[in-house]
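Commentary on secondary and tertiary structure
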Amino acid sequence: MILWLWLCCGFSTSVGQPDSELMARYLEEKLMADYSIMEQVARRVPRQAKFLQRLETRPRMSEFSVKSTIISRYAFTTVSCTMVNSGSEAREAVFEMQIPAPAFISNFTMIIGNKTYYGEVTGKEKKHSSDDKARHRKPLNSTEGRENGYETFKASVFIPRKMQAKFLLHYEELLQRRLGKYEYTVSIRPQQLVGRLRVEVNILEKSGIVSLEVPPLRNSKHKGNGKVEGDVSPPPSTVIGHTKTLAKVTFNPSVVEQTRIARNGILGDFIIRYDVNRELSVGDVQILNGYFVHYFAPTDLPPLPKNVVFVLDSSASMVGTKLKQTKEALFTILQDLRPEDHFNIIGFSNRIKVWQQDRLVPVTPNNIRDAKKYIHNMSPTGGTNINGALQTGAKLLNDYIAQNDIDARSVSLIIFLTDGRPTVGETQSLKILSNTKDAIRDKFCLFTIGIGNDVDHKLLERMALENCGMTRHFQEDEDAASHLKGFYDEIGTPLLSDIRVDYPEDNVEQVTQNFFPNYFNGSEIIIAGKLINRTSDSLHVEVTASNSKKYILLKKDVAIDLPSRNDIRGIPGLEDGKGDTNYIERAWSYLTIKELLNSRLKSDDSQEKDYLMEKAKSMALTYNFVTPFTVLKMREAGLHPELAPEEFISPSTDGIGEKLQSLQGHKAPPGIQRRQDKQRIKISKTSADGDPHFVIDFPSSKFSVCFNIDGQPGDILRLVSDHKESGVTVNGQLIGAPAPPNGHKKHRTYFSTITILNNKPERSYLEITPKRIILDDGERLLLSCGRSAVVRSNSLEVSISANSNITVTIRDTISFVILIHRYKKPAPYQRNHLGFYISNSKGLSSDSHGLLGQFLNHEVKLLQESLNTSHQQVGRNQTEALKPNPTNTLRVKGRLVPVVWKQRRIYNGQQEVECWFAKNNADKLIDGSYKDYLASHPFDTGTSFGTSNSF
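These numbers were taken from a predicted model, which means no experiment stands behind them.

1. Remarks on the overall build of the protein
Scanning the protein for helices and strands turns up 14 helices and 50 strands. Buried residues in the protein amount to 55% of all 951 residues. Of the roughly 40000 Å² that the protein leaves accessible, carbon and sulfur atoms contribute 48%.

2. Focus on the sheet that holds strand β29 (residues 525–531)
Read from one edge of the open sheet, four strands run β17-β18-β29-β27, paired in antiparallel fashion. Either end of the sheet is taken by a strand with one partner, and the two such strands are β17 (284–288) and β27 (508–509). Two strands pair when backbone bridges link them, and β27 and β29 are joined in this way by two bridges, in the antiparallel orientation. Bridging across to β29, Val508 finds its partner in Leu531.

3. Observations concerning the state of the cysteines
Scanning the model with the defined rule gives two disulfides in all. Between the sulfur atoms of Cys445 and its disulfide mate Cys468 the distance is 1.9 Å. Disulfide Cys445-Cys468: the torsion about the S-S bond is -110 degrees, which places it as left-handed. With Cys445 in strand β24 (residues 445–451) and Cys468 in the loop between α7 (457–466) and β25 (471–474), this pair connects stretches of sequence that are 23 residues apart. Disulfide connectivity for the protein, with bonded cysteines indexed by sequence position, reads 1-2, 3-4.

4. So, the packing of helix α5 (residues 386–403) against helix α6 (residues 429–440)
Look at α5 against α6: their axes get within 9 Å of each other, and the N-to-C directions meet at 5 degrees. It follows that α5 is roughly parallel to α6 by the angle criterion. Here Ile386, Asn387, Leu390, Gln391, Ala394 and Asn398 of α5 come into contact with α6, specifically with Ile432, Asn435, Thr436, Ala439 and Ile440. Taken together, the residues of the contact of α5 with α6 break down into six nonpolar, five polar and no charged.

5. Quick word on the nonpolar core
Counting residues in hydrophobic clusters, the biggest one holds 55 residues, and the most contacted among them are Phe694, Phe707, Leu719, Ile756, Phe816 and Phe836. In terms of residues, this core owes the most to one element, strand β45 (residues 814–821), which gives four residues. The contact partners of Leu719, leaving out residues within four places of it in the chain, are Phe694, Val730, Asn731, Gly732, Phe751, Ile754, Phe836, His849, Gly850, Leu851, Leu852 and Gly853.

6. Examining the pattern of salt bridges
With the rule as written, the count across this model stands at 34 salt bridges. Arg635 is paired through a salt bridge with Glu120; the nearest N and O atoms lie 3.0 Å apart. Here Glu120 lies in strand β6 (residues 115–123) and Arg635 lies in strand β32 (residues 630–639), a separation of 515 residues in the sequence. Of the residues examined, Arg635 reaches a relative accessible area of 29% and is grouped as partly exposed. The closest approach of N and O atoms between Arg421 and Asp456, which form a salt bridge, is 3.5 Å. Taken as a pair, Arg421 in the loop between β23 (411–418) and α6 and Asp456 in the loop between β24 and α7 lie far apart in primary sequence, 35 residues in all. On the accessibility criterion, Arg421 (45% relative accessible area) is partly exposed. Here the salt bridges share partners, and the residues they tie into one network are Arg73, Arg177, Glu205, Asp275, Arg278, Asp284 and Glu524.

7. Some details on the environment of Phe520
In this fold, Phe520 is placed in strand β28 (residues 515–520). Accessibility expressed as a relative area gives 8% for Phe520, which makes it buried. For Phe520 and Arg178, which are 342 residues apart along the polypeptide, the C-alpha to C-alpha distance reads 9.3 Å. Filtering out sequence-adjacent residues up to four positions away, Phe520 remains in contact with Phe447, Glu490, Ile491, Thr493, Pro494 and Leu495.

8. Some details on the side chain of Asn805
Structurally, Asn805 can be placed in strand β44 (residues 805–810). At a separation of 3.0 Å, a polar atom in the side chain of Asn805 contacts the side chain of Ser804.

9. A closer look at the packing of aromatic side chains
Applying the stated rule across the entire model yields 25 aromatic pairs. Between Phe251 and Phe270, the ring centres sit 5.0 Å apart and the planes meet at 15 degrees, which makes this aromatic pair stacked. Taken together, the residues span a long stretch of sequence, with Phe251 in strand β15 (residues 246–251) and Phe270 in strand β16 (residues 268–276) at a distance of 19 residues. Here Phe251 falls in the buried class, since its relative accessible area comes to 0%. Take Phe270: its relative accessible area is 1%, and that puts it in the buried class.

10. Examining unusual backbone geometry
The omega torsion across Lys760 and Pro761 is -5 degrees, close enough to zero to call that bond cis. With respect to the helices, strands and loops of the structure, Pro761 is situated in the loop between β38 (747–758) and β39 (764–768). Positive phi values are uncommon outside glycine, yet Asn624 reaches one of about 60 degrees. As for its position among the elements, Asn624 is in the loop between α11 (606–623) and β32. A positive phi angle is found at Asn920, which is not glycine, with a value near 55 degrees. Secondary-structure assignment places Asn920 in helix α14 (residues 919–922). What makes Asn920 exposed here is its relative accessible area of 63%.

11. Here's the deal with the confidence of the model for the protein
The share of residues in the protein with pLDDT of 70 or more is 78%, and the mean pLDDT across the chain is 79. Contacts of residues 1–21 to residues separated by more than four positions or lying in other chains number 72 contacts, the stretch itself having pLDDT below 50.

12. Comments concerning the sheet that holds strand β26 (residues 494–502)
Sheet architecture is open: four strands sit in the order β28-β26-β30-β31, paired in antiparallel fashion. At either margin of the open sheet sits one strand with a lone partner, and together these are β28 and β31 (551–559). Strand-to-strand, the axes of this sheet are offset by a mean angle of 25 degrees, without reference to chain direction. In the sheet, β26 pairs with strand β30 (residues 538–546) via four bridges, with the strands oriented antiparallel. Residue Arg500 lies in a different strand from β30, and its bridge partner there is Thr544.

What counts, and at which threshold
- Residues numbered from 1 in each chain as written.
- Predicted model: local features only at pLDDT ≥ 70, side-chain atom pairs only at ≥ 80, totals over all residues.
- Heavy atoms only, no water.
- Helix = DSSP H or I, 4+ residues; strand = E, 2+ residues; numbered from the N terminus.
- Buried < 20%, exposed > 50% of the residue type's maximum accessible area, 1.4 Å probe, protein only.
- Areas by Shrake-Rupley, 256 points an atom, 1.4 Å probe, with all protein chains shown as cover.
- Pairing = 2+ DSSP bridges.
- Disulfide = S-S within 2.5 Å.
- Axes fitted to C-alpha atoms, helices over the stretch in contact; angles between N-to-C directions.
- Parallel < 35°, antiparallel > 145°, perpendicular 65-115°, else oblique.
- Contact = heavy atoms within 4.5 Å.
- Nonpolar A, V, L, I, M, F, W, Y, C, P; charged D, E, K, R; others polar.
- Core = buried A, V, L, I, M, F, W, Y, C linked by side-chain atoms within 4.5 Å.
- Salt bridge = Lys/Arg side-chain N within 4 Å of Asp/Glu carboxyl O.
- Polar contact = N/O pair within 3.5 Å; in protein donor to acceptor, adjacent residues only side chain to side chain.
- Phe/Tyr/Trp six-rings, centres within 6.5 Å; stacked < 30°, edge-to-face > 60°.
- pLDDT = per-residue confidence, 0-100.

So, in structure tokens, the structure goes:
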């Protein structure tokens, strides 16, 4: 399928190894530091991550995400990609995505700067002209050549300097069942490391989900046989959850995890395989709003006998690996033949060589041995006589059927393999097609296999379509042996023949194909149609077929359910409003268009071909599908509104029963709490805020102690360290700013990031900046500080008051509050920063440490007080009773600490605190010196005082 789009407009652990799981996540998230997540602009790569991503002049991909919803085998997929041009001039950005060849693109949108360009599906015969706006961008094209089941969608635009472009691609497909499972595949090939890469797949199957599996990434971009050798574990960072009818799978690799897979950003195919529970009898019939889809896949039937002729290319071009792997596959296939089967082998080049003349032989140990010898002795030579080989194979099989009293219920087929085009004998494709069809005469099916780039794909595809078969294509550099064996496994076990599915003619119309020559084990028959009488209570279904023992007839009246039972709302891919939420109707339109395309391909009548083309085009335009007869025209929509926060989120499943939301790692309770901005917070005075100013509250002593830490920009201070006991660590990273004029300081420092780590009962962390919050407890969630919300996970609750504060509660016994300080028009010495306050420390152990944590379970004693002042007066009215006195002293853990009286303001200046101030970076007040509290990176947990450890 070809379509043309035209546009009108140096962290380390103690041993220095940067490979811990949390550090990997940190490197990824630092790509987003200091940028607004709402604007989704460029993520900066820290020095420590430069080995992961080399500097390039091309625009950098900051986000690549795929969200898919599969409903009763019908998949809606949305691909979102953001590219940022941080250069000083406009640069070309290329968005490229491999999509399954059976899929139909249903929409494409580009957002470049503040302009939106949306795709409009139109008839292909209309030509497009460029206008004067084309100078800003060059024309796009895509989808390019097909490569064994995939097509490449490609869009190219120029991004102005210091701006970004966002691409949104939507496509739909009906999953096919092969070898007993449905396979959904996402190509993850951004061709560069991505700061935020995520795949999310939600599956809803009313029949019930069974055998859900996620194999390792398929590094080859081509399809295999569905079997995985060696490691069968899911890719790193994959999370799988499912109930009886719902499943959610996410893949969220960090930058470091991406690098371990592929440094060039070509990760491979992310694959999900599953099957569903099946009813006996007529199968699963689903009905919604006047449309139905019928899935029929019986199991536990005895296999039919088969008569098979293998026609194998042995021309000179097969020399080397191709012929070797073909032989290996045939050796295995011969072993899988059943005793009731019959077979023969034909090798062809410019000469046709038949192993057993004029007959098919039964499967016996001796015949299998002799067949292997014949295959082993095949040697590549000569040209390629495709027509002669097929004529010989068809005559051999026809004569065998006519001359032998074979089982009437047996299945006959030819498996044809070649790597080239016809070069000997008849070389005209149309003549070969005609000769083949005349020779077969609808008596058996032809299955074709092409290897390499020189094969005539259209010829093989049409030969298979015209003769009730299937086709496959493999690349030369692939494992042809496993592919060939996998293809044979799909068709090697016929269970039924001559299957016909009927519905009352006065009840249905526009039904898709309802007769099928064969049903193979592990596959599925799908029929769809429209209901004429929508008020009927039931739909009568009859299935007739033959199996190895007898003819069978299945009947059932299927109840027509209320619309709400199968109604799905919020499907990704239908947000543009051009379609409705009837996934069954879209599955019907998908199947109908596919059949029209196949019928046109098989037709030799020009008038019939035009009729089929117009009919397919009309339906494609109705359902907004890009097909060989339709294209996407890009239209400018002007300024785009901000994307709604719900867009491209998991679909709603109202009316289904079980909730997809129950699979989420992070849940918002009913009625998400929204708090007023800048609310007053009643918490402990114990805090670190401002430049940074530390306050320790000692309630039993009825006074407070304060101190400053004059750190350096980039320092990471360990505020609370209780990793061994409660599992909690809090680190704060400093950012620098110039000092105010006429001040005594050389510079100011503020907290730019607060990192809260917890390893009990499970590992999790929070990374908070003035603009965004990252919550990661195995499944990462990105939140904006500009929106009020409450999010809960297994052991954490995060409550956000928009642009004001964040409250973090751990196991209901530990609470921290982080104040957000943001300036509309900051002075040169001001920076957006954070303040850290301890609200509840009951869950922290007596061994907790850190600049604040070491004082939470200890008391200090004031040894000297101002004259005529009692200790009770100190607690009652410090402002009046105490005067600044340089001789006042505190006793802390046996140390004497000189202090002076000071006043501090906390809570954004809304409360004044009077405290005893310890000078010189809290000398003698804290254990050791402040440099002992420097963490090596934000995830340094420090298992004991003065040590460094990775989380």
